[in-house]
Amino acid sequence: MNLIVPLHALLEERSVTRAAKRVNLSQPAMSHALDRLRDTFSDDLLIRDGHRDYLLTARGKQLLQELEWMLPRLERFLTGQAFSPRDATGRIRVVMTDYATAVILPRIVGPASLAAPGVQIHVSAWQEYSYADLLAGRVDLVFSALAPPHPIYTEVLFQEHFVCLVAENHPYKGRAFSLSQYLQYRHVMIEMDPNQQTLVDRPLAEIGKRREIGLIVPYFLAGVMALRDTELILTVPSRVAPQFLGRYPFRQVKAPAEIPRFQYLMAWHPRLENEDLYQWFRDVLRKHFHDGMPVAPKRTAAPSSAHSFRKRRRRS
């Protein structure tokens, strides 16, 4: 226990000299502490990179993440202090899709930063292994339309539907696509995960239909910019489209009724269910995104999303 504070200082500072100064130890005492920590964890923790400072080993990085979560909690436990966002420190590790960075992130960064100036929000991109990272404790919160595996908790933030974007000079001049009209043209597909169907293609496949894909891109912005002077159709969630209005030469057309609405989720591990910092952050999200809807029960997710995840698990 006496080595926890020196360990945290060493891992954050990556310098014996700076870590010693930070916790009021002599440099020889801090070097001795580092030797003891290496022996305790059977790992170098910090290794030379050819310069003055050290690099963290994989075990060192893992310990630093755990300490950032544990130390504020331990301090409140010892002092009996109630949680206050204003005084909170730490890092919240969030996974977001391209959609979430465009729709969710801009609305929460301001309020969260004002309420908790000492808290860092670290956003990483959605990957097919993001739920595995959540289970392993490598991230704290995941935003997705895909239902996660047990025992991850989920909550529906809002309902969403699709709209279509086409170039201003697109030959189709109507305000809404029927399914047959929609399938006459080639499409831009936003590919989030190459191992599964998109939320647009899955319901089409369920009724025996398939759209012809002319372009595959990883981001909405790339898809929008590619529409100019083409007959392509880009199908996007409705909350994304207004961000491009007036900036790019396209028109918005109503999507076919056969492409249904979907639920967008936030997901977290049960170990963070009662942790003050993460409870507060989830409350910030609820305040800005429930749109007057009642809070959905945990483990509730869109049926189509859950079906997709089970199919993917079987394939793997």
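Our subject is the structure that appears above.
Scope of this entry: the structure provided in the associated data block. (Residues numbered from 1 in each chain as written. Predicted model: local features only at pLDDT ≥ 70, side-chain atom pairs only at ≥ 80, totals over all residues. Heavy atoms only, no water.)

1. Details of the nonpolar core
One finds Ile104, Phe143, Phe177, Tyr182, Tyr264, Phe281 and Leu285 to be the most contacted residues of the largest nonpolar core, which totals 59 residues. If one sorts the elements of this core by residue count, helix 11 (residues 276-289) sits on top with seven residues. Discounting chain neighbours no more than four positions away, the residues touching phenylalanine 281 are Ile92, Val94, Ile108, Ala112, Ile121 and Leu141. (Core = buried A, V, L, I, M, F, W, Y, C linked by side-chain atoms within 4.5 Å. Buried < 20%, exposed > 50% of the residue type's maximum accessible area, 1.4 Å probe, protein only. Helix = DSSP H or I, 4+ residues; strand = E, 2+ residues; numbered from the N terminus. Contact = heavy atoms within 4.5 Å.)

2. Concerning helix 1 (residues 4-13)
Summarising burial for helix 1: seven of the ten residues are buried, a large majority. Ile4, Pro6, Leu7, His8, Ala9, Leu10 and Leu11 are the residues of helix 1 that are buried.

3. Some thoughts on the packing of aromatic side chains
Here the structure, examined in full by the defined rule, presents eleven aromatic pairs. For the ring pair phenylalanine 162 and phenylalanine 262, a centre distance of 5.1 Å and an interplane angle of 40 degrees mean the geometry is tilted. Linking phenylalanine 162 in strand 7 (residues 162-167) with phenylalanine 262 in strand 12 (residues 262-268), this pair joins segments that are 100 residues apart in sequence. Here phenylalanine 162 matches phenylalanine 262 in class, with each residue buried. On the numbers, 6.0 Å between centres and 70 degrees between planes, the contact of phenylalanine 177 with tyrosine 182 is edge-to-face. The class of tyrosine 182 is buried, set by a relative accessible area of 0%. The ring of phenylalanine 289 has arginine 107 sitting right over it, with the charged end atom 4.4 Å from the ring centre. Stacked on the ring of tryptophan 268, the Lys or Arg arginine 282 has its end atom at 4.4 Å from the ring centre. (Phe/Tyr/Trp six-rings, centres within 6.5 Å; stacked < 30°, edge-to-face > 60°. Lys NZ or Arg CZ within 6 Å of the ring centre and 35° of its normal.)

4. Details of the sheet that holds strand 3 (residues 90-96)
What the five strands build is an open sheet, ordered 4-3-5-12-6; its pairing is mixed. The sheet is open, and its two borders are formed by strand 4 (119-125) and strand 6 (153-160), each paired with just one other strand. Between one strand and the next, the sheet's axes are offset by a mean angle of 20 degrees, whatever the strand orientation. Bridge count between strand 6 and strand 12: seven bridges; the pairing is antiparallel. Looking at the pairing, phenylalanine 158 lines up with tyrosine 264 of strand 12. The sheet contacts of helix 11 involve strand 3, strand 4, strand 5 (141-144), strand 6 and strand 12, and relative to strand 3 the element is tilted by about 45 degrees. (Pairing = 2+ DSSP bridges. Axes fitted to C-alpha atoms, helices over the stretch in contact; angles between N-to-C directions.)

5. Some points on the sheet that holds strand 8 (residues 186-190)
Spatially, the five strands line up as an open sheet ordered 9-8-10-7-11, and their pairing is mixed. Each having just a single partner strand, strand 9 (212-217) and strand 11 (250-254) make up the two edges of the open sheet. Adjacent strand axes in the sheet meet at a mean angle of 35 degrees when their direction is disregarded. Inspection of the sheet shows strand 7 paired to strand 10 (residues 233-237) by four bridges, in the antiparallel sense. Across the sheet, the residue bridging to valine 163 is valine 236, located in strand 10.

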